[in-house]
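# Commentary on secondary and tertiary structure
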Amino acid sequence: MQLFLLIKKLLFPGLDIGIRKRMKFVKYFRNGDLLTLDAGCGNGAFSFAAYKSGNRVIGIDSDPKKLKRCQEFRDYLKIDPERCDFKVYNAYDLLSLNKEFDQIICFETLEHIKDDKKVIEIFSKILKPNGILHLCVPYSKRNPYYGEIISDIEDGNHVRLGYNFEELEKMLQKSNLKITKRDTAVGFFTQKLINFNNWLDLNLLKNFSNRIRDVVHFTSFLFLYPLTFFDIFFVTRYLNIYVCAIKQ
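What you see is a predicted model; the values in this text were computed from it and never measured.

## As for the pattern of salt bridges
- Within this structure, the stated rule accounts for eleven salt bridges.
- The salt bridge involving Asp33 is made with Arg83; its shortest N-O contact spans 3.3 Å. Placement of Asp33 in the loop between helix H2 (17-22) and strand S1 (35-39) and of Arg83 in the loop between helix H4 (64-76) and strand S3 (84-88) is noted, with a sequence separation of 50 residues between them.
- Given the relative accessible area of 52%, Asp33 is considered exposed.
- A residue is classified by how much of its surface remains accessible, and Arg83, at 28% relative accessible area, is partly exposed.
- Here Asp85 ties to Arg74 by a salt bridge, and the two come within 3.8 Å at their closest N and O atoms. Highlighted residues: Asp85 in strand S3 and Arg74 in helix H4, separated in sequence by eleven residues.
- Among the residues examined, Arg74 registers a relative accessible area of 7% and is labelled buried.

Reading the values: the criteria
Each chain has its residues counted from 1, running along the sequence as written. Only residues with pLDDT of at least 70 are given local features in this predicted model, and only at 80 or more are side-chain atom pairs given and counted; all residues enter the totals for whole chains, interfaces and linings. Hydrogens and waters are ignored; side-chain quantities use all the structure's heavy atoms. Here, a salt bridge means any Lys or Arg side-chain nitrogen found within 4 Å of an Asp or Glu carboxyl oxygen. In this description a helix means any DSSP run of H or I spanning at least four residues, a strand means any run of E spanning at least two, and both kinds are numbered starting from the N terminus. The buried label applies to any residue whose accessible area, calculated with a 1.4 Å probe on protein chains only, is under 20% of its type's maximum; exposed applies above 50%, and partly exposed to all values in between.

Below, the structure written as structure tokens:
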């Protein structure tokens, strides 16, 4: 376990190519002793980034296994749980936290939620005046990635292909949130690598152990990740869009 956590520290934020590319949005986070909610925290990458910015962070997710790994990694790093906590929580129930936040991070989560407008309203209610929402979602004008499933119910898959900037602006305005920044991530070559890794998992590696999968993905990362820096030559081909919105 200690060896695994050491490797995780050395490779942080991990081998997920999409997360690595979305780390560029951390530059928009507010620094200082602020209370931050990471809604749909996944592997905790952005929760830990906010903590490093001086924030007090609460990361929530519906998957207790993911949160257990976040807690183990936090404890390995000797981070005070009072300043970086992880809870199993549903986004629809956030009002019951009885807290007001200075900023909310919601990356690659809204597309999994059926009543996205309701969740945005809840975000607005628990944000302090002039608090900010960092929102990253898949871009709707794209091709589905390999193995992507669009579901009619909230079963862990996407319930919609994504959004465009105009849709986000209309939805956020209705909840008194004004967009102040826009950005994009995950370009052409990164998408090809994500599709390749998904193909490996769903075909070549489907009957192998997680350890074997990790070794193959690490090898793929070492040799193919440098190609993703050529995304800059295809600036209109991206998978994710980001907005920063302030509560008016």
